[in-house]
Amino acid sequence: MPGKWDWLKDEIGFSNLLTGGRMIFKVVQGKLSADDLTKCALCSNMCRHACPVSIVEGRETTSPAGKARIALMIREERIELNLDNLEPLYTCLGCDLCTPYCPFEFSVADLIRPVKEEAVNMGVVFEEFREVFENLETSGDVYGNTDSGADGSGKVLYFRGCTVRNERPELAEKTLTLLEKLGYEAFTISETCCGLPAYNLGNTELFKKVAKRTAERLNAAGAELIVTSCPSCAYTFRVLYPKYGIKLKPQVLHITELLGEVIGGLKLKAAEAVTYHNPCKLAVHLGRRGLLKSLLENVEGLEIREPRRELFCCGHGGSAVSRLKPELAEEIAAERREQLRDGAARVVTACPSCELALNGDGLEVIDIVEFLLERMEE
Amino acid sequence: MTLTFDEVLKRPKRGNIDEALVELKRLLKDKVSTKPADLFSYSHDYWLITFHWLLKGEVPALPDAVIFPESEEDVVNAVRVAHEKGVPLYPYGGGSGVLGATVPEYGGIVVDLKRLRDLRLYEDDLMVEAGAGVNGYYIEEYLNRRGYTLGHFPQSLYPSTVGGWVATKAIGQFSTRYGGIEDMVLGLRAVIPPGKLIELKPHPRTATGPDLRKLFVGSEGIFGIMTRVWLKVRPYPEERFLLSFASESLEEALDSVRRILHRGARPAVVRIYDRVETKRHFYKFEELYGKIGTVIIVEGDSRLARAEKEIVEREFRGVPAGEEPVRHWLKTRFNVKEISEFAPIGVVIDTIEVAVNWSRAAELYENVIRAMKSVKGTLMASAHASHFYDQGVCFYFTFAGVPPKGRSAEEFYNAVWDAAMRATLDSGGTISHHHGIGRHRRRWLAEELGDAYEVLRKIKLAIDEKDVMNPGNMVM
Ligand SMILES: Cc1cc2nc3c(=O)[nH]c(=O)nc-3n(C[C@H](O)[C@H](O)[C@H](O)COP(=O)(O)OP(=O)(O)OC[C@H]3O[C@@H](n4cnc5c(N)ncnc54)[C@H](O)[C@@H]3O)c2cc1C
């Protein structure tokens, strides 16, 4: 079978190799290549339609390639590294919905991260982020509240995460109940943050510090398995910790992943219609795109209606947009609600932040744990 | 036009921009931005040569402000202020235009329309109403969910907008059946100087004088700003057939398609690749390698589609190569990466689309390829035929090269374009089939239009006497 570039060899011919053809062949052979940020900056935004910020805000500067262009210009010192110019880079939800449409499979969030890191190193930081950094530094919690809960022990550690601890303590109770019903004696400890908000905001040094502290606590708890409510925590533990050489001994699962293993044995019944909202961290970053839907498919009599768009961030991912531009985060949430309404008025999700962001405005959003508990009780 | 940031900001202004900005900020408030990052982001569209400049740290032009209207009233205010103060306005959709049509050559204000993005489907009337800034993929997804399709799939479906499609007279890959955007526009609303909102209602047909809707189709923002359009939709196709063929010559393939169309069949997709492009795109398919490859998709109501498929199979002279090459094309048709790979290292690469009647189609193909290759520095030139009509065909040429010593990227780029445009005109073709004119192609337009060029200029100035609507674009 002919090779991918044979056509080019035939077309350019030997004589041209002495001139500019050499340059092309070096690219083809992988000996000459632009860096990834430049490649992204030169794209016509073929992923724009998948980027919730791009669709809702509609500003060229914050389109995926637009962000890459700004980052490139800052890196090349053609535009100044200041807050005004950094703002577009922080208008990224980190959802990576751009990646599947990229011929290079780039994550724009990753491509622009070095510029954010540089900004943090130079002390060019938004006021809105300083509080997060301080909270993480002092209390190890994004909200600045110290977790005063007692440390339990056992095989299965349930990690609640900052959002559940501070905003949805009932979900923690219900998750523990569900785990018990499934035969797991889960315990909790006094927690510190997984560190993701610092990472998302470009403060990689702080991320590593918080992550090390949290990993030590978790390792000391002696569990074999950690189950989380928040897919972001699961992603951070599973993907980012190893990337930065931070060792976590127990296996980590998001609650949906554990449920996926046992749900076949449960008797679940319903007579209603729901749709589902796939959290980006679960569907994209943990690669569990079909999981939430497949859990729902185990509920007998449940009508599952597809949302207009399968994947669309709730507007609160990435730690920055909801802090820097809360109106934009809300607009994105409103857009997502509109898309979900194409499916059904009741929405099942699997991320506490998505649940908080999307609930209301005629839509009832419920965590998969609560939903399944309801079905088990009936 | 290549200037550094500072030089661009120091260039002379047109009109009273300072007063215009005060007025616009009063009316549109935080929907006006003068932030450097925004000004930079709207300094170019997807005109290839602007990226070569950008990589060298040069920008083609910078606007003085960018505005983000959220209503038609915002647009009316913007056009009124621009007209009163003599300040240029540049409508901006997705910025995927490839000829510099949104480059703010004279400074002034870029109007990004992407926040006008409401949608409404009228099922009985098979019609959708869309804000000008609605994203291409977004409208298609909205329609599909309800059982319909627009049938409009330009390769820039993902980054472009509905308003941009109408303004550039865009066309999709499924055009042979569904037509170009001009066949879909039923009505529109636009704001024209001195700040008037006009509406051309979406009747099924109307004989109220010349078709004013058509004035806006392909107008590239030089008359006014479209805020809303009504487009035809179709039921989502019931059945789809995928066919491909290997031919011995381009003439044989072209002739096959001509016969199919003349019998009245309307495949949605027909693409005939020359030998180079067949090798490039279908290297995995041995039966096509070294031949002229054609992919065809027939779709629609299943009985009609079956009949059309039969006509295609009967009329196409070539060796059938099955469904797989078409599947491969469907999978890769939005995979655009060459520019990102080659432009940063100094390779100049671009595409040129022209159209010609059947009788001179093969001649035009040969002449344009030869003309492009004759320019020193050109390393490859190839083409495929991508859109078909009873009367003729659109050829989509691609060239790549490296400027020879002593020549800038821009000089080389212009030399290849000049050669291709000259060859097109000499072969009886039209210099643009669907990308339009913009700032790059304007120097050839007068020759193509002849005396009609003056008619176009007069219409432009009759509507926009102060020449504030996208000045310098298309007409000079
Ligand atoms: C990778 C790639 C593939 C492409 N494939 C195709 C293809 O298959 N078919 C095709 O036809 N084109 C194609 N194009 C060209 C381009 O995408 C189209 O011309 C598209 O219609 C431009 O739409 P836009 O919204 O991006 O407009 P822009 O680039 O923003 O604007 C284009 C012109 O329209 C004007 N304009 C935009 N919106 C309005 C409005 N609301 N009112 C008045 N004027 C307005 C602008 O002032 C400008 O003159 C391709 C481009 C790229 C980069």
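Residues numbered from 1 in each chain as written. Chains lettered and ligands numbered in written order. Predicted model: local features only at pLDDT ≥ 70, side-chain atom pairs only at ≥ 80, totals over all residues. Heavy atoms only, no water.

Student: Is there a simple way to think about the interface of chain A and chain B in this case?
Tutor: Interfaces are often sized by the accessible area lost when the parts come together. Each partner contributes to the interface: chain A provides 58 residues, whereas chain B provides 59 residues. Taken together, the two surfaces of chain A and chain B that pack against each other cover about 5,500 Å², and 63% of this comes from carbon and sulfur. Of all residues in chain A, Trp7, Leu42 and Met46 of chain A bury the most surface against chain B, accounting for 14% of the area lost on that side. The interface formed by chain A and chain B includes ten salt bridges. The closest approach of N and O atoms between arginine 117 of chain B and glutamate 335 of chain A, which form a salt bridge, is 3.1 Å. For the pair chain A and chain B, the number of links is 21 residue pairs in polar contact (both at pLDDT 80 or more). Elements that contribute at least two residues to the side of chain A that touches chain B include exactly α1 (6–17), α2 (21–28), α3 (36–41), α4 (52–57), α5 (64–75), α6 (83–90) and α18 (326–341) of chain A. Ranked by the residues each element gives to the side of chain A that touches chain B, the list is headed by α1 of chain A, at seven residues. A class-by-class count of the residues in the side of chain A that touches chain B yields 25 nonpolar, 14 polar and 19 charged. (Contact = heavy atoms within 4.5 Å. Buried area = accessible area lost by both parts, 1.4 Å probe. Salt bridge = Lys/Arg side-chain N within 4 Å of Asp/Glu carboxyl O. Polar contact = N/O pair within 3.5 Å; in protein donor to acceptor, adjacent residues only side chain to side chain. Helix = DSSP H or I, 4+ residues; strand = E, 2+ residues; numbered from the N terminus. Nonpolar A, V, L, I, M, F, W, Y, C, P; charged D, E, K, R; others polar.)

Student: Could you clarify how one ought to interpret the pairing of strand β5 (residues 119–122) of chain B in this entry?
Tutor: Side-chain direction in a regular strand flips from residue to residue, so the side chains alternate between the two faces of the sheet. All names here are of chain B. A one-sided burial pattern is seen for β5, the buried positions being Leu119 and Leu121 and the unburied ones Arg120 and Tyr122. Examined bridge by bridge, β5 and strand β6 (residues 127–131) share four bridges and lie antiparallel to one another. When the bridges of β6 are listed, leucine 119 appears paired with alanine 130. Here β5 hands over to β6 after four residues, with leucine 126 in that stretch at a positive phi of 45 degrees. (Buried < 20%, exposed > 50% of the residue type's maximum accessible area, 1.4 Å probe, protein only. Pairing = 2+ DSSP bridges.)

Student: What should I look at first to understand the nonpolar core in this one?
Tutor: The tendency in soluble globular proteins is for nonpolar side chains to be buried side by side. Residue and element names in this part refer to chain B. Of all hydrophobic cores here, the largest spans 272 residues; its most connected members are Ile139, Phe395 and Phe397. Looking at this core element by element, the count peaks at ten residues for helix α16 (residues 409–426). Not counting residues up to four positions away in its chain, the partners in contact with isoleucine 139 are Leu119, Val128, Ala130, Val134, Leu150, Val162, Trp165 and Leu231. If you look at the next biggest cluster of nonpolar residues, it comprises 24 residues, including Ala20, Val76, Leu113 and Leu116. (Core = buried A, V, L, I, M, F, W, Y, C linked by side-chain atoms within 4.5 Å.)

Student: How should helix α5 (residues 72–85) of chain B be read in this particular structure?
Tutor: An α-helix turns once every 3.6 residues. As a result, residues three or four positions apart point the same way. All names here are of chain B. With 14 residues, α5 should reach 20 Å at 1.5 Å per residue; the first-to-last C-alpha distance of 20 Å fits that figure. Residues of α5 that are buried sit in contact with α2 (17–28), β2 (65–67), β3 (89–92), β8 (185–192), β9 (196–200) and β10 (225–232). Glycine 86 lies just past α5 and shows a positive phi near 65 degrees. (Expected span 1.5 Å × (residues − 1).)

Student: Honestly, the sheet that holds strand β4 (residues 109–112) of chain B in this entry has me stumped. Any pointers?
Tutor: Sheet strands associate in pairs through backbone hydrogen bonding, adopting either a parallel or an antiparallel arrangement. All names here are of chain B. Spatially, the four strands line up as an open sheet ordered β1-β2-β4-β3, and their pairing is mixed. The open sheet has two edge strands, β1 (32–33) and β3, and neither has a second partner. Here β1 pairs with β2 via two bridges, running antiparallel. By the bridge assignment for β2, valine 32 is matched with isoleucine 67.

Student: Quick question: what am I supposed to make of unusual backbone geometry here?
Tutor: Trans is the prevailing form of peptide bonds, just as negative phi is the prevailing case for residues other than glycine. All names here are of chain B. Residue proline 194 is reached from proline 193 by a cis peptide bond, and omega for that bond is 5 degrees. Its place among the elements puts proline 194 in the loop between β8 and β9. Located in the positive-phi region is glutamate 220, a residue other than glycine, with phi close to 50 degrees. As for its position among the elements, glutamate 220 is in the loop between α9 (212–216) and β10. One non-glycine residue, methionine 474, adopts positive backbone phi at about 65 degrees.

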